[in-house]
Amino acid sequence: MSPRTSDSLPLIRRNTASPEEIDAYNKHCTDSTKASCIMVSTMSSKLQKMFDKSWACEINEKLHKIFANGQRQECLGVLKALKKC
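Residues numbered from 1 in each chain as written. Predicted model: local features only at pLDDT ≥ 70, side-chain atom pairs only at ≥ 80, totals over all residues. Heavy atoms only, no water.

A. A look at the overall build of the chain. Broken down by element type, the chain carries three helices and zero strands. Written out in order from the N terminus, the α and β elements of the chain read α-α-α. Buried residues in the chain amount to 25% of all 85 residues. For the chain, long-range pairs separated by at least 24 residues make up 33% of all intrachain contacts whose partners lie at least 6 apart in sequence. Surface accessibility of the chain: about 6,800 Å² in total, with carbon and sulfur atoms responsible for 57%. (Helix = DSSP H or I, 4+ residues; strand = E, 2+ residues; numbered from the N terminus. Buried < 20%, exposed > 50% of the residue type's maximum accessible area, 1.4 Å probe, protein only. Contact = heavy atoms within 4.5 Å. Areas by Shrake-Rupley, 256 points an atom, 1.4 Å probe, with all protein chains shown as cover.)

Put into structure tokens, the structure is as follows:
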């Protein structure tokens, strides 16, 4: 994966940023790319295609949206079953 821009990771202005800010930004991009690669490599091929060009934080948010509703339904079913006991 190559570095890409996102709403969650804005580009810095290299002509006005300090060397420390540039180094920190580059490290953040590298770390985020590594995390994204690890996350995508552990997914099914269908999910890999969905998240191939996404940052780790975007993957996390989208997966939460996709699976949160099912998780709530499962918890509700468990609570209803416990209530019947």
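B. Examining the pattern of salt bridges more closely. Summed over the entire model, instances satisfying the criterion amount to one salt bridge. For Asp31, the salt bridge identified is with Lys27, shortest N-O distance 2.8 Å. Of the two residues, Asp31 and Lys27 both sit in helix α1 (residues 19-41), four residues apart, roughly one turn of that helix. (Salt bridge = Lys/Arg side-chain N within 4 Å of Asp/Glu carboxyl O.)

C. Inspection of the nonpolar core at higher detail. Val40, Met43, Leu47, Phe51, Ile59 and Leu63 together form the largest nonpolar core, which totals six residues. Secondary structure elements with two or more residues in this core: α2 (45-51) and α3 (56-84). (Core = buried A, V, L, I, M, F, W, Y, C linked by side-chain atoms within 4.5 Å.)

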